[in-house]
Amino acid sequence: MKKIGHILTLMMILSGCNDASVQNQVYEHGNQLVADYVAEFNSTDEEIYVQMYDNSEAEQFLKDNIPFFECPDKELEKTYYFRWWTYRKHIKETPEGYVISEFLPEVSWAGKYNAICCPGMHQFAEGRWLKDAGYLRDYAAYWCREKNDARRYSFPIAYSFLEFYKAHPDMEFIRKSYPGLKEIYAGWEESHWDEEAGLFWQMDVRDGMEVSISGALSGDMTGYRTTINSYMDADAAALAQMAQMLGESEDAEFYMAKAEMLKKAVNEKLWDESARFYKVIPRHGDMSFSPAREQHGYVPWMFGIPDASRNDAWLQLTDPQGFKAPYGPTSAEQRAEGFKVVYEGHPCQWNGPSWPFATAQTLTGLAKTLHRDGESANITKDVYFETLQTYSNSHRRVNEDGKTVCWIDENLNPFTGDWISRTMLLAIDYKYKERGKDYNHSSFCDLVISGLVGVQPQADGSIVIEPLIPEGEWDWFSLSRISCAGKEISVIYDRTGEHYGCKPGLTVYVDGKKAAHSETYSTSITLASCWSVDVVKGAAG
């Protein structure tokens, strides 16, 4: 349970004060940050692959589309703008509308237009914050047409679509997407449901997690995995919510029953009580658990499947014998037999290296757990903040001339920060030059927006704002021009009022008008669908 102080209902309708000078200053800062960072990124970039927006168009694209973020941690701030700069590269215009790519080079294992569904959950989580929602509306329509490719890899597609809808409400989008999403769900049931086990199975490689410790325990790399079972639970719950929105009550009951069944199955069958962690059960065996904790065991927390009694599993994230490492969480616990970080064999191994894909999942789950349960001895805002900083600082590479530049690629050496796959592929002069450069396989900006600053749109049109910044960590920050639920939101904090020249504390603006104020950022603010405001002080502490 969250420790809640007093509740102050402000009911400050948007006719309140418009502090234009503060917002103008924040916008000017943001525009200058974009210009400066894009100039830096462009100056060190070898632009090998160009899609819709080349580097010369990057500055204007970012100024037109992204929320501006400013904070005292300039490395975190730089990574935020770098990830938007790279996301822009992956927007691809096709004869059938926009798609979002994973790789910039055309790879042989991709589907039509070089699209791959594996990182779809991250691409939708990140892209929902773009002002122009047309890119993801088209991309969603693509997957509803390419239903078989939408199941080439595990992908919580209905959940991802619903999260996008919350940021850009549009019932026509739900109405058009719903039939295709139902077909995709039924396709998974036909191909990957094991009635005897009462679970879905998947190959580790089709989770995007090849050469894993658990995958090696079955002859065909298959197992009953927390990933696909959590995704299918989340998709069933999303389909139930969509059905309710569309007035399809029988469908809503049908899918909610599936969601409840899967949540129970994940909690009862994939939780290893002795290890206090969710694990894989390899197929074709005696239904015993894989001995190793693997990082994807945190996936159930992305979807609210565990209750607070299992939050002690988060202690493994800060344990050096568990997942903690200097350049990001390891993909398997370091104490496990079979843990390794090597430069031989397959370049994309999930038996030890750090993967941004999994780090983003872990941080998403941690943020949602903190927002739901609050801090405890097992999880704190400090853990989220420090893990996000580690993740941010891993987005670097030392150039041949000795200069450190921003970089995102496939997998990391968790102890040195070297990009493993890149090093291995360069050594053999791989056919796709810089295959993993600017890799769009994870999220980062969403972890700042919905996690750190805590902007969380809800299906009913309300928006909850609950920062996860540890108390006293920053004296000021701002996240402005957030396009959400048809409004433009800005969140500005200034402890003393001296940085932005405003009233001390946290202020939320909606469409240019002051909507709420709190003396501290350790608060929870709800902008209701009628745009009244509730402030719950101390909600996360």
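The preceding data block contains the structure.
Quick look at the structure, then. In this text, all values refer to a predicted model and were calculated from it rather than measured experimentally. (Residues numbered from 1 in each chain as written. Predicted model: local features only at pLDDT ≥ 70, side-chain atom pairs only at ≥ 80, totals over all residues. Heavy atoms only, no water.)

**Describing the packing of aromatic side chains**
Then step 1. Overall, the coordinates contain 51 aromatic pairs when judged by the stated rule.
Then step 2. Their ring planes at 65 degrees and their centres at 5.7 Å tell us that Tyr298 and Phe323 sit as a pair that is edge-to-face. With Tyr298 in the loop between strand E11 (281-282) and helix H10 (356-373) and Phe323 in the loop between E11 and H10, this pair connects stretches of sequence that are 25 residues apart.
Then step 3. Classification of Tyr298 by relative accessible area gives buried; the value is 1%.
Then step 4. Considering the side-chain rings of Tyr493 and Tyr521, the 4.7 Å spacing of their centres and the 75 degrees angle between planes classify their relative orientation as edge-to-face. Here the residue Tyr493 occupies a position in strand E17 (residues 487-494), and Tyr521 occupies one in the loop between strand E19 (513-518) and strand E20 (523-527), the gap between them amounting to 28 residues.
Then step 5. With a relative accessible area of 1%, Tyr521 lands in the buried category. (Phe/Tyr/Trp six-rings, centres within 6.5 Å; stacked < 30°, edge-to-face > 60°. Helix = DSSP H or I, 4+ residues; strand = E, 2+ residues; numbered from the N terminus. Buried < 20%, exposed > 50% of the residue type's maximum accessible area, 1.4 Å probe, protein only.)

**Thoughts on the environment of Val448**
Then step 1. Relative to the helices and strands, Val448 is located in helix H13 (residues 445-452).
Then step 2. Along the sequence, Val448 and Ala141 sit 307 residues apart, while their C-alpha atoms lie 27 Å from each other.
Then step 3. Setting aside chain neighbours within four positions, we find Val448 in contact with Phe69, Tyr80, Leu388, Val453 and Gly454. (Contact = heavy atoms within 4.5 Å.)

**Here we look at the sheet that holds strand E8 (residues 222-224)**
Then step 1. Strand order in the open sheet formed by three strands is E7-E8-E11, and the pairing between neighbours is antiparallel. Each end of this open sheet is capped by a strand with a single partner; those strands are strand E7 (202-203) and E11.
Then step 2. Here E7 pairs with E8 via two bridges, running antiparallel. For Met203, the partnering residue across the bridge sits in E8 and is Thr222. (Pairing = 2+ DSSP bridges.)

**With respect to the pairing of E19**
Then step 1. Among the six residues of E19, five are classified as buried, and the element is accordingly described as predominantly covered.
Then step 2. One ladder, built from five bridges, connects strand E18 (residues 505-510) with E19; its direction is antiparallel. The residue bridging Thr507 from the neighbouring strand is His517, located in E19.
Then step 3. The turn joining E18 and E19, which pair antiparallel and follow one another in sequence, is formed by two residues; a positive phi near 50 degrees is taken by Asp511.

**Considerations on the pairing of strand E4 (residues 97-100)**
Each regular strand shows side chains that alternate between the opposite faces of the sheet.
Then step 1. Pairing analysis gives four bridges linking strand E3 (residues 91-94) to E4, with the strands arranged antiparallel. Bridge pairing in E4 places Lys92 opposite Val99.
Then step 2. Remark: two residues form the turn of the hairpin made by E3 and E4, two consecutive strands paired antiparallel.

**Here's the deal with unusual backbone geometry**
Then step 1. Phi is positive for Met287, which is not a glycine, with a value near 65 degrees.
Then step 2. Looking at where Met287 falls in the secondary structure, it is placed in the loop between E11 and H10.
Then step 3. When its relative accessible area of 39% is taken as the criterion, Met287 is described as partly exposed.
Then step 4. For Glu434, which is not glycine, the phi torsion reads 50 degrees and is therefore positive.
Then step 5. Along the polypeptide, Glu434 turns up in the loop between helix H12 (420-427) and H13.

**Things to note about the packing of helix H8 (residues 226-245) against helix H9 (residues 249-269)**
Then step 1. One way to put it is that H8 packs onto H9 with a least axis distance of 8 Å and a crossing angle of 155 degrees. Here H8 is positioned roughly antiparallel relative to H9, judged by the angle of their axes. The crossing of H8 and H9 is left-handed. Between H8, through Asn229, Ser230, Met232, Asp233, Ala236, Ala237, Leu239, Ala240, Ala243 and Gln244, and H9, the contact on the second element is made entirely by Asp251, Ala252, Tyr255, Met256, Lys258, Ala259, Leu262, Lys263 and Val266.
Then step 2. Broken down by class, the residue content of the contact of H8 with H9 amounts to twelve nonpolar, three polar and four charged. (Axes fitted to C-alpha atoms, helices over the stretch in contact; angles between N-to-C directions. Parallel < 35°, antiparallel > 145°, perpendicular 65-115°, else oblique. Left-handed = near helix turned anticlockwise from the far one by under 90°. Nonpolar A, V, L, I, M, F, W, Y, C, P; charged D, E, K, R; others polar.)

What is shown is where atoms sit, not what they do.
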